[in-house]
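Descriptive analysis of the structure
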Amino acid sequence: MDAIKLLGLSFLVLISVFSCGGESQPSSQQPPSDQNRLGSSYSIDLAQEITSDATVFLTLNSSQANNTQNVTVESWSSSLNEPLDVVNTSEGIFNFTVPQVRKTTPFTITATLVDESGSKFTVSAQSLIVPSKPNLIVIFTDDQGYADVGAHNVVNDIETPNIDKLAANGVLFSNGYITAPQCTPSRAGMITGMYQQRFGVDDNRYTPIPKNVVTMGERFSDLGYTTGLVGKWHLEIDQNSKPWFRENFPDTPIGEFNPGKLPSSLKEQFYPSSLGYKYNYFGYANRYWANYDLEGNKTQLGWVNNSDYRLDVVSDAASQFIDINHNEPFYLHVAHYAPHVPLEATEDYLSLFPEQTSNRRRYALAMMYAVDSGVGSIVSKLEEHGILDNTIIAFISDNGAPIGLDFTDAPISEKKEAWNGSLNTPLLGEKGMLTDGGIKVPFIVHWPDKLQTNTVIEEPVISLDVLYSAIKVAGATEDTLSELDGVDIFPTEGFNKNYLSERPLFWRFWNQSAVRLGKYKYLRMGPDYEFLFDLSSEESSSNNLISNMPEKAAELRSLYEQWNAEMLRQPQQDSLNSQERDWLSFYLTP
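Figured I'd write up the structure that's included with this text.

Cut-offs used in this document
- Residues numbered from 1 in each chain as written.
- Predicted model: local features only at pLDDT ≥ 70, side-chain atom pairs only at ≥ 80, totals over all residues.
- Heavy atoms only, no water.
- Helix = DSSP H or I, 4+ residues; strand = E, 2+ residues; numbered from the N terminus.
- Buried < 20%, exposed > 50% of the residue type's maximum accessible area, 1.4 Å probe, protein only.
- Contact = heavy atoms within 4.5 Å.
- Pairing = 2+ DSSP bridges.
- Axes fitted to C-alpha atoms, helices over the stretch in contact; angles between N-to-C directions.
- Parallel < 35°, antiparallel > 145°, perpendicular 65-115°, else oblique.
- Nonpolar A, V, L, I, M, F, W, Y, C, P; charged D, E, K, R; others polar.
- Arc of directions from axis to C-beta.
- Core = buried A, V, L, I, M, F, W, Y, C linked by side-chain atoms within 4.5 Å.
- Phe/Tyr/Trp six-rings, centres within 6.5 Å; stacked < 30°, edge-to-face > 60°.
- Lys NZ or Arg CZ within 6 Å of the ring centre and 35° of its normal.
- Salt bridge = Lys/Arg side-chain N within 4 Å of Asp/Glu carboxyl O.

This part is about the overall build of the protein chain. A tally of helices and strands in the protein chain yields 13 helices and 26 strands. Overall, the C-alpha framework of the protein chain stretches about 95 × 55 × 55 Å when taken along its three principal axes. Across the 590 residues that make up the protein chain, the buried fraction comes to 56%. Within the protein chain, counting contacts between residues at least 6 apart in sequence, those at least 24 apart form 71% of the total.

To continue, consider the environment of T226. In this structure, T226 sits in strand 14 (residues 226–231). On the basis of relative accessible area, T226 is assigned to the buried category, the value being 12%. Residues T226 and Q572, spaced 346 residues apart in sequence, show a C-alpha to C-alpha distance of 42 Å. Once residues lying within four places of it in the same chain are set aside, the contact partners of T226 are K278, Y279, F321, N325, E328, P329, F330 and Y331.

The subject of this paragraph is the sheet that holds strand 7 (residues 87–90). The strands that make up a sheet pair up through hydrogen bonds in the backbone, lying either parallel or antiparallel. Within the open sheet, the 3 strands sit side by side as 5-8-7. Their pairing is antiparallel. Either end of the sheet is taken by a strand with one partner, and the two such strands are strand 5 (55–59) and strand 7. In this sheet, adjacent strand axes meet at a mean angle of 35° when their direction is disregarded. Across 5 bridges, strand 5 lies against strand 8 (residues 93–97) in antiparallel orientation.

At their nearest, the axes of helix 6 (residues 310–325) and helix 8 (residues 359–384) sit 9 Å apart, and the two run at 10° to each other. Judged on the interaxial angle alone, helix 8 and helix 6 are roughly parallel. Along the contact surface, helix 6 presents R310, L311, S315, A318, S319, I322 and D323, while helix 8 presents M367, A370, V371, G374, S377, I378, K381, L382 and E384. Tallied by class, the residues present in the contact of helix 6 with helix 8 amount to 8 nonpolar, 4 polar and 4 charged.

Now for helix 2 (residues 183–192). Taking burial as the measure, the 10 residues of helix 2 include 10 buried ones, the bulk of the element. Buried residues of helix 2: C183, T184, P185, S186, R187, A188, G189, M190, I191 and T192, and no others. Following helix 2 by one or two positions, G193 adopts a phi angle in the positive range, close to 75°.

Attention now moves to helix 1 (residues 161–168). A turn of α-helix holds 3.6 residues, and therefore any two residues three or four places apart point the same way. Considered for burial, the residues of helix 1 that qualify are I163, L166 and A167. When helix 1 is viewed along its axis, its buried side chains cluster within an angular range of 100° and face the same direction. Buried residues along helix 1 sit in contact with strand 12 (171–173), helix 8, strand 19 (391–397) and strand 20 (443–446).

Bringing the nonpolar core into the picture now. Residues F220, W233, Y331, V445, I489 and L588 are the most contacted members of the largest nonpolar core, which totals 88 residues. If you tally residues by element for this core, the top one is helix 10 (residues 463–473), at 6 residues. Ignoring any residue separated from it by four or fewer positions in sequence, one finds L588 in contact with L428, T435, L523, M525, F531, F533, S541 and W583. With 49 residues, the next largest nonpolar core counts I139, A167, V313 and V334 among its residues.

It is worth spelling out the packing of aromatic side chains at this point. A full pass over the atoms with the stated rule returns 38 aromatic pairs. With 6.1 Å between their ring centres and 10° between their planes, W510 and W583 make a pair best called stacked. Placement of W510 in the loop between strand 23 (505–509) and strand 24 (512–517) and of W583 in helix 13 (residues 578–587) is noted, with a sequence separation of 73 residues between them. Relative accessible area serves as the criterion here: at 24%, W510 is assigned to the partly exposed category. Judged by relative accessible area, W583 falls into the buried class, the value being 3%. Grouping aromatic residues by their ring pairs yields a cluster made of Y271, F282, Y284, W289, W303 and Y337. Here the basic side chain of R287 rests over the ring of W303, its NZ or CZ set 4.2 Å away from the ring centre.

Moving on, we come to unusual backbone geometry. Looking along the chain, the bond that leaves A338 and enters P339 is cis, with omega of 0°. Take P339: it is sitting in the loop between strand 18 (330–335) and helix 7 (347–350). T425 connects to P426 through a cis peptide bond whose omega is 5°. On the secondary structure map, P426 appears in the loop between strand 19 and helix 9 (436–439). The residue D53 is not glycine, and still its phi comes out positive at about 75°.

Glancing now at the pattern of salt bridges. Applying the stated rule across the entire model yields 23 salt bridges. Across the pair D142 and R187 runs a salt bridge, and its minimum N-O distance is 3.5 Å. In this pair, D142 sits in the loop between strand 11 (135–141) and helix 1 while R187 sits in helix 2, placing the two residues 45 residues apart along the sequence. Considered together, D142 and R187 belong to a single accessibility category, that of buried residues. Of the charged contacts in the structure, one is a salt bridge between D148 and R361, with a shortest N-O distance of 2.9 Å. A residue pair is termed long-range when its members are at least 10 positions apart, and D148 in the loop between strand 11 and helix 1 and R361 in helix 8 qualify at 213 residues. Here D148 matches R361 in class, with each residue buried. Each member of the salt-bridge network shares a partner with another, and the members are D142, R187, K232 and D398.

This part takes up the packing of helix 1 against helix 8. The interhelical angle for the contact between helix 1 and helix 8, taken along N-to-C directions, is 55°, at an axis separation of 7 Å. It follows from the interaxial angle that helix 1 and helix 8 lie oblique. Contacts between helix 1 and helix 8 involve P161, N162, I163 and L166 from the former and Y369, D372, S373, V375, G376 and V379 from the latter. Residues of the contact of helix 1 with helix 8, tallied by class, amount to 6 nonpolar, 3 polar and 1 charged.

This part is about the pairing of strand 9 (residues 105–115). Counting buried positions along strand 9 yields 9 of 11 residues, so the element is predominantly enclosed. When strand 6 (residues 70–78) meets strand 9, the two strands line up antiparallel, connected through 7 bridges. Bridge assignment links S77 to a residue of strand 9, and that residue is T110. Across 10 bridges, strand 9 lies against strand 10 (residues 120–130) in antiparallel orientation. Its bridge partner lying in strand 10, T108 is registered against Q126. Between the antiparallel neighbours strand 9 and strand 10 lie 4 residues, among them G118 with a positive phi of about 95°.

Right, dumping it as structure tokens:
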């Protein structure tokens, strides 16, 4: 027990929290009685809000003048019914660490004191504990074009009320970009917070993700977060992994490469469960790598069959993850396999879109409505547990929609048709291109605790920025942040968005390269075709400023070359492939 000599000053419990303000609140006093008569002349002043994990200092003094008796602190307790480790740091001064909570929680701290005569009395104070570690949920759709969220007000046939609500109650980034116009490299960036070219995942050929790359799952785990991934991964060994096979099995003919025949122990090394994601329900359709079921029970890690509709399965898995982990800080990556082909939808979803001029468009609308319903169920689950306000939700697509040049409305069963029914309107180009149609995507961030509602930011941002911003507020060190390629884009108090127009964004894919700085974008396709666009106007061959502004083009080209020199691979980009030539002819030739 700690004895404090009371020196006749105001008996004051001063609780100071680093980086936490708030007006003081009058103490909670008991009516005078035989038992607490001594305590009626004491008080505790406590800030109205204190923050989880912060260090709190207590100083005890008497309000009775000329009181020189010793009072002993017998014990400390709190309303959270968990041990409170209060440490005597010096005479009359104590500190403790504020307990971790997942939502704003009323808090009472009580000291039991004993005077020289053996009389006991208590002194209490009340406050609110504010969580220090926000949850993060990344909802990452697949081939969803820029037009296909209602919040963009581009088309009138899309129905995404829950996604639109995130935008209305959060931040819509109207110039939000992804790091690549294709699934695997885009996902590699979104899983690591770095340009994927730094570790060689330039396009779909370069699976699996290298095991030595640090994932966001590992980084958040190091900060005490529970991590999970549900849905599409696309960073495992697959049929595209021939370069990896040649490197790792140089004595085996490439014609013998068959991912299905590789040992499970080898393939599992590249699953999310081995790369920082504790909870898994990873898969595309019908078969999932999981260690919990959709009733919320933990299970042995392994493959499970589930023939339910693939988008509902991912949404249900996300909700169950929240049920299991709502009492801990968590990071959850939710990857719906939609509206990527194969186009599939239940009759319940299709019935909502009975009349469409295009059948492929109808299926895409139904699939995106299913994703939106999943967003709604995730939000409802967060509300049920009282943690919505302390959860960052980022909604982003992995790249633009593939439209096959001409929006061919082929039968749903036609697997070779490129168009998935989604739209990039009003942007130029499509999936696979570094024009905005391939890389500018729906991009929304929602965080009720910190972000002002109905905010639109027009300055250019990239998917890496969300990861940087989120892990920064989660407590990442400067060393960790320096390893990432993003910047802080959360418009919290004091945020200055102007610097977003002063830092360049970079892309490199196949034989194309691009850089955007402010409103200007430089694009090169192969060695012979260069474009400079002022993005305050539309991208088009008629708006190519490359001849009119050679100095600006040279500035952006130089920035790109400096960035490119840091990347692992150095492709020649000396000729366009056949698909790129078709795109150039169709979209960028007068």
